[in-house]
Amino acid sequence: MAMAPRVLIVDDDPLIRELLQAYLGEEGYDVLCAGTAEQAEASLAEAERGEQPIDLVMLDIRLPGKDGLTLTRELRVRSEVGIILITGRNDDVDRIVGLECGADDYVIKPLNPRELVSRAKNLIRRVRHARQPVAAQPARQNHKRFAHWTLDPDRRRLIDAGGSETPLTHGEFQLLCVFLRNTGHTLSRDQLMDQIRNREWLPNDRSIDVLVGRLRRKLRDDPAEPELIITIHGAGYLFTATPADV
(Lines give C-alpha, C1' and ligand atoms only; values in the text may rest on other atoms or scores of the structure.)
Protein backbone atom coordinates (compact mmCIF):
# COMPACT_ATOMS: atom_id res chain seq x y z
CA MET A 1 0.00 0.00 0.00
CA ALA A 2 1.38 3.41 -1.00
CA MET A 3 2.33 5.76 1.81
CA ALA A 4 0.40 9.00 2.22
CA PRO A 5 1.98 11.90 0.30
CA ARG A 6 4.36 13.82 2.52
CA VAL A 7 4.38 17.62 2.39
CA LEU A 8 6.58 20.16 4.17
CA ILE A 9 5.02 23.61 4.68
CA VAL A 10 7.59 26.38 5.19
CA ASP A 11 6.09 29.71 6.24
CA ASP A 12 6.89 32.12 9.06
CA ASP A 13 3.19 32.84 9.57
CA PRO A 14 1.80 30.28 12.06
CA LEU A 15 -1.76 30.90 10.86
CA ILE A 16 -0.82 29.94 7.29
CA ARG A 17 0.97 26.83 8.55
CA GLU A 18 -2.02 25.79 10.66
CA LEU A 19 -4.50 26.43 7.84
CA LEU A 20 -2.56 24.40 5.28
CA GLN A 21 -1.71 21.65 7.75
CA ALA A 22 -5.37 21.25 8.68
CA TYR A 23 -6.62 21.28 5.09
CA LEU A 24 -3.97 18.95 3.70
CA GLY A 25 -4.35 16.65 6.70
CA GLU A 26 -8.05 16.28 5.96
CA GLU A 27 -7.11 15.30 2.39
CA GLY A 28 -4.93 12.45 3.68
CA TYR A 29 -1.52 14.11 3.45
CA ASP A 30 1.25 13.61 6.00
CA VAL A 31 2.14 17.23 6.80
CA LEU A 32 5.27 18.66 8.42
CA CYS A 33 5.77 22.36 9.20
CA ALA A 34 8.73 24.73 9.52
CA GLY A 35 8.95 28.45 10.21
CA THR A 36 12.38 29.08 8.66
CA ALA A 37 14.57 27.74 5.87
CA GLU A 38 16.96 26.34 8.43
CA GLN A 39 14.17 24.37 10.14
CA ALA A 40 13.03 23.14 6.72
CA GLU A 41 16.53 21.87 5.88
CA ALA A 42 16.64 19.96 9.16
CA SER A 43 13.25 18.37 8.44
CA LEU A 44 14.29 17.40 4.91
CA ALA A 45 17.57 15.87 6.13
CA GLU A 46 15.76 13.87 8.82
CA ALA A 47 13.17 12.64 6.30
CA GLU A 48 15.89 11.51 3.89
CA ARG A 49 17.43 9.43 6.67
CA GLY A 50 14.08 7.78 7.38
CA GLU A 51 11.90 5.45 5.37
CA GLN A 52 9.81 8.11 3.64
CA PRO A 53 11.28 11.23 2.04
CA ILE A 54 9.31 14.43 1.59
CA ASP A 55 7.47 14.60 -1.74
CA LEU A 56 6.65 18.30 -1.85
CA VAL A 57 7.77 21.55 -0.24
CA MET A 58 5.31 24.45 -0.08
CA LEU A 59 7.63 27.35 0.47
CA ASP A 60 7.02 31.01 1.30
CA ILE A 61 9.40 33.29 -0.59
CA ARG A 62 9.66 35.85 2.22
CA LEU A 63 11.29 34.03 5.14
CA PRO A 64 13.40 35.41 7.99
CA GLY A 65 17.08 34.66 7.48
CA LYS A 66 17.61 32.57 4.36
CA ASP A 67 14.79 33.36 1.95
CA GLY A 68 12.68 30.95 -0.07
CA LEU A 69 14.42 31.65 -3.38
CA THR A 70 17.82 30.80 -1.93
CA LEU A 71 16.47 27.60 -0.40
CA THR A 72 14.82 26.69 -3.72
CA ARG A 73 18.10 27.11 -5.59
CA GLU A 74 20.00 25.00 -3.05
CA LEU A 75 17.37 22.25 -3.00
CA ARG A 76 17.22 21.97 -6.76
CA VAL A 77 20.97 21.36 -7.00
CA ARG A 78 20.70 18.16 -4.99
CA SER A 79 17.06 17.08 -5.05
CA GLU A 80 14.07 16.46 -7.30
CA VAL A 81 11.60 17.23 -4.49
CA GLY A 82 8.55 19.12 -5.74
CA ILE A 83 8.61 22.83 -4.91
CA ILE A 84 5.62 25.18 -4.89
CA LEU A 85 6.51 28.78 -4.03
CA ILE A 86 4.02 30.90 -2.08
CA THR A 87 4.06 34.70 -1.97
CA GLY A 88 1.82 37.52 -0.89
CA ARG A 89 2.69 39.63 -3.92
CA ASN A 90 1.41 39.29 -7.48
CA ASP A 91 4.88 40.07 -8.81
CA ASP A 92 6.00 38.71 -12.18
CA VAL A 93 9.64 39.23 -11.22
CA ASP A 94 9.30 37.00 -8.15
CA ARG A 95 7.51 34.36 -10.19
CA ILE A 96 10.09 34.32 -12.97
CA VAL A 97 13.05 34.30 -10.57
CA GLY A 98 11.41 31.46 -8.65
CA LEU A 99 11.03 29.38 -11.81
CA GLU A 100 14.61 30.16 -12.81
CA CYS A 101 15.75 28.90 -9.40
CA GLY A 102 14.04 25.58 -10.12
CA ALA A 103 10.57 25.84 -8.58
CA ASP A 104 7.85 23.75 -10.20
CA ASP A 105 4.89 26.00 -9.47
CA TYR A 106 3.94 29.32 -7.94
CA VAL A 107 0.83 30.46 -6.04
CA ILE A 108 -0.22 33.81 -4.61
CA LYS A 109 -1.83 34.61 -1.27
CA PRO A 110 -4.67 34.61 -0.34
CA LEU A 111 -4.54 30.89 -1.07
CA ASN A 112 -7.34 28.79 -2.48
CA PRO A 113 -6.79 25.52 -0.57
CA ARG A 114 -8.69 23.41 -3.11
CA GLU A 115 -6.57 24.73 -5.98
CA LEU A 116 -3.40 24.21 -3.97
CA VAL A 117 -4.30 20.58 -3.25
CA SER A 118 -4.96 20.00 -6.94
CA ARG A 119 -1.57 21.44 -7.88
CA ALA A 120 0.10 19.44 -5.11
CA LYS A 121 -1.51 16.19 -6.26
CA ASN A 122 -0.26 16.61 -9.84
CA LEU A 123 3.24 17.55 -8.75
CA ILE A 124 3.56 14.70 -6.22
CA ARG A 125 2.54 12.22 -8.92
CA ARG A 126 5.44 13.43 -11.07
CA VAL A 127 7.91 13.38 -8.17
CA ARG A 128 7.02 9.84 -7.16
CA HIS A 129 7.21 8.63 -10.75
CA ALA A 130 10.70 10.11 -11.10
CA ARG A 131 11.83 8.32 -7.92
CA GLN A 132 10.73 4.89 -9.09
CA PRO A 133 13.65 2.65 -10.06
CA VAL A 134 13.70 1.71 -13.70
CA ALA A 135 13.10 -2.02 -14.06
CA ALA A 136 15.46 -3.89 -16.34
CA GLN A 137 13.53 -4.57 -19.50
CA PRO A 138 14.43 -4.97 -23.17
CA ALA A 139 11.94 -2.28 -24.27
CA ARG A 140 13.66 0.64 -22.52
CA GLN A 141 13.98 3.87 -24.45
CA ASN A 142 17.10 4.37 -26.55
CA HIS A 143 19.69 6.79 -25.35
CA LYS A 144 20.07 9.84 -27.58
CA ARG A 145 23.51 11.19 -28.46
CA PHE A 146 23.90 14.77 -29.69
CA ALA A 147 26.81 17.21 -29.75
CA HIS A 148 28.93 16.23 -26.73
CA TRP A 149 26.02 14.83 -24.75
CA THR A 150 24.09 11.60 -24.26
CA LEU A 151 20.51 11.70 -22.95
CA ASP A 152 19.31 8.82 -20.80
CA PRO A 153 15.50 9.13 -21.18
CA ASP A 154 14.64 6.50 -18.57
CA ARG A 155 16.46 8.33 -15.78
CA ARG A 156 16.17 11.85 -17.26
CA ARG A 157 19.91 12.36 -17.08
CA LEU A 158 22.36 14.20 -19.33
CA ILE A 159 25.73 12.46 -19.56
CA ASP A 160 28.77 14.40 -20.77
CA ALA A 161 31.83 13.04 -22.59
CA GLY A 162 33.56 12.37 -19.28
CA GLY A 163 30.65 10.35 -17.88
CA SER A 164 29.40 12.99 -15.44
CA GLU A 165 25.62 13.04 -15.08
CA THR A 166 23.26 16.01 -14.78
CA PRO A 167 19.63 15.42 -13.75
CA LEU A 168 16.85 17.18 -15.64
CA THR A 169 13.61 18.40 -14.15
CA HIS A 170 10.37 17.24 -15.75
CA GLY A 171 9.98 20.46 -17.72
CA GLU A 172 13.61 20.54 -18.87
CA PHE A 173 13.38 16.92 -20.03
CA GLN A 174 10.18 17.57 -21.97
CA LEU A 175 11.64 20.66 -23.64
CA LEU A 176 14.81 18.81 -24.66
CA CYS A 177 12.75 15.96 -26.12
CA VAL A 178 10.75 18.46 -28.20
CA PHE A 179 13.98 19.98 -29.50
CA LEU A 180 15.44 16.56 -30.32
CA ARG A 181 12.31 15.64 -32.29
CA ASN A 182 12.45 18.92 -34.22
CA THR A 183 16.17 19.49 -34.72
CA GLY A 184 16.93 21.97 -37.48
CA HIS A 185 13.46 23.53 -37.33
CA THR A 186 12.61 26.85 -35.71
CA LEU A 187 9.85 26.41 -33.13
CA SER A 188 7.78 29.33 -31.93
CA ARG A 189 6.95 29.75 -28.26
CA ASP A 190 3.34 28.77 -29.03
CA GLN A 191 4.52 25.54 -30.67
CA LEU A 192 6.71 24.75 -27.69
CA MET A 193 3.86 25.45 -25.26
CA ASP A 194 1.55 23.17 -27.23
CA GLN A 195 4.00 20.28 -26.92
CA ILE A 196 4.87 20.63 -23.23
CA ARG A 197 1.56 21.90 -21.86
CA ASN A 198 1.36 19.08 -19.29
CA ARG A 199 4.22 20.38 -17.19
CA GLU A 200 3.37 21.55 -13.69
CA TRP A 201 3.47 25.33 -14.06
CA LEU A 202 1.23 27.38 -16.29
CA PRO A 203 2.77 28.02 -19.71
CA ASN A 204 3.27 31.48 -21.14
CA ASP A 205 5.86 33.16 -23.35
CA ARG A 206 8.12 34.14 -20.45
CA SER A 207 8.04 30.74 -18.75
CA ILE A 208 9.21 29.12 -22.00
CA ASP A 209 12.15 31.53 -22.03
CA VAL A 210 12.93 30.62 -18.41
CA LEU A 211 12.87 26.91 -19.23
CA VAL A 212 15.14 27.43 -22.25
CA GLY A 213 17.57 29.33 -20.02
CA ARG A 214 17.64 26.52 -17.47
CA LEU A 215 18.22 23.91 -20.17
CA ARG A 216 21.00 25.98 -21.74
CA ARG A 217 22.82 26.16 -18.41
CA LYS A 218 22.68 22.39 -18.01
CA LEU A 219 23.91 21.91 -21.58
CA ARG A 220 26.68 24.47 -20.88
CA ASP A 221 25.46 26.40 -23.91
CA ASP A 222 26.72 29.98 -23.51
CA PRO A 223 23.60 32.21 -23.61
CA ALA A 224 25.67 35.06 -25.07
CA GLU A 225 26.82 32.89 -28.00
CA PRO A 226 24.70 29.71 -27.92
CA GLU A 227 25.55 26.85 -30.26
CA LEU A 228 22.87 24.28 -29.41
CA ILE A 229 19.74 26.36 -28.75
CA ILE A 230 19.70 29.43 -30.99
CA THR A 231 17.27 32.30 -30.41
CA ILE A 232 15.64 33.32 -33.69
CA HIS A 233 14.40 36.81 -32.86
CA GLY A 234 10.74 37.28 -33.62
CA ALA A 235 10.32 33.59 -34.44
CA GLY A 236 11.36 31.31 -31.56
CA TYR A 237 14.14 28.81 -30.95
CA LEU A 238 16.24 26.56 -33.20
CA PHE A 239 17.94 23.39 -31.94
CA THR A 240 21.01 22.70 -34.05
CA ALA A 241 22.34 19.28 -32.96
CA THR A 242 21.31 16.12 -34.80
CA PRO A 243 20.50 13.25 -32.39
CA ALA A 244 21.38 9.61 -32.92
CA ASP A 245 20.16 6.51 -31.08
CA VAL A 246 22.79 4.65 -29.07
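First things first, this report covers the structure right here in the doc. (Residues numbered from 1 in each chain as written. Predicted model: local features only at pLDDT ≥ 70, side-chain atom pairs only at ≥ 80, totals over all residues. Heavy atoms only, no water.)

Topic: the overall build of the protein chain
- Scanning the protein chain for helices and strands turns up 8 helices and 13 strands.
- Residues counted as buried form 47% of the 246 residues belonging to the protein chain.
- In the protein chain, 60% of the contacts between residues at least 6 apart in sequence involve partners at least 24 apart.
- For the protein chain, the accessible surface area stands at approximately 12,600 Å², while carbon and sulfur atoms represent 50% of it. (Helix = DSSP H or I, 4+ residues; strand = E, 2+ residues; numbered from the N terminus. Buried < 20%, exposed > 50% of the residue type's maximum accessible area, 1.4 Å probe, protein only. Contact = heavy atoms within 4.5 Å. Areas by Shrake-Rupley, 256 points an atom, 1.4 Å probe, with all protein chains shown as cover.)

Structural notes on unusual backbone geometry
- For the peptide bond that leads from Lys109 to Pro110, omega is 0 degrees, which places it in the cis range.
- Mapped onto the secondary structure, Pro110 falls in the loop between strand 5 (105-108) and helix 5 (113-131).
- In this structure, Ala147 takes a positive phi of about 45 degrees despite not being glycine.
- Here Ala147 is to be found in the loop between strand 6 (144-146) and strand 7 (149-152).
- Phi is positive for Arg156, which is not a glycine, with a value near 55 degrees.

Some details on the sheet that holds strand 3 (residues 56-60)
- Read from one edge of the open sheet, 5 strands run 2-1-3-4-5, paired in parallel fashion. Edge positions in the open sheet fall to strand 2 (30-34) and strand 5, since each of these has one partner strand only. Taking each pair of neighbouring strands and ignoring which way they run, the sheet shows an average axis angle of 20 degrees.
- In this sheet, strand 2 lies alongside strand 1 (residues 6-10) in parallel orientation, the contact comprising 5 bridges. (Pairing = 2+ DSSP bridges. Axes fitted to C-alpha atoms, helices over the stretch in contact; angles between N-to-C directions.)

Description of helix 6 (residues 170-181)
- Taking 1.5 Å of rise per residue, the 12 residues of helix 6 would be expected to cover 16 Å, and the 17 Å separating its terminal C-alpha atoms lies within 8% of that figure.
- For helix 6, the buried fraction is high: 11 of the 12 residues fall into the buried class.
- Buried within helix 6 are the following residues: His170, Gly171, Glu172, Phe173, Gln174, Leu175, Leu176, Cys177, Val178, Phe179 and Leu180. (Expected span 1.5 Å × (residues − 1).)

Observations concerning helix 3 (residues 68-78)
- By the burial criterion, the buried members of helix 3 are Gly68, Leu69, Leu71, Thr72, Leu75 and Arg76. The buried residues of helix 3 occupy an angular sector of 155 degrees when projected down its axis, which confines them to one face. Exposed residues lying more than 90 degrees from the buried face of helix 3 are Val77 and Arg78.
- Its buried side turned inward, helix 3 meets helix 2 (37-49), strand 3, strand 4 (82-87) and helix 4 (92-101).
- Two or three places before Leu69, at the opening of helix 3, Asp67 has a side-chain oxygen 3.2 Å from that residue's backbone nitrogen. (Arc of directions from axis to C-beta. Polar contact = N/O pair within 3.5 Å; in protein donor to acceptor, adjacent residues only side chain to side chain.)

A look at the sheet that holds strand 6
- Pairing is antiparallel across the open sheet formed by 5 strands, whose spatial order is 9-8-7-6-13. Looking at the sheet topology across the chains shown, the edges are occupied by strand 9 (165-167) and strand 13 (244-245).
- Pairing analysis gives 2 bridges linking strand 6 to strand 13, with the strands arranged antiparallel. Note that in strand 13 the partner of Arg145 across the bridge is Ala244.

Regarding the pairing of strand 11 (residues 229-232)
- Note that strand 11 and strand 12 (residues 236-239) share 4 bridges and pair antiparallel. Bridged to Thr231 within strand 12 is Tyr237.
- In this structure, the hairpin formed by strand 11 and strand 12 is closed by a connection of 3 residues, where Gly234 is found at a positive phi of approximately 80 degrees.

Details of the side chain of Arg6
- Note on placement: Arg6 falls in strand 1.
- We classify Arg6 as buried; its relative accessible area is 18%.
- Reaching out from Arg6, the side chain makes a polar contact with the side chain of Asp30 at a distance of 3.0 Å.
- For Arg6, the contacting residues outside a window of four places in its chain are Asp30, Leu32, Ala47, Gln52, Pro53, Ile54, Asp55, Leu56 and Arg128.

Geometry only, nothing functional implied.
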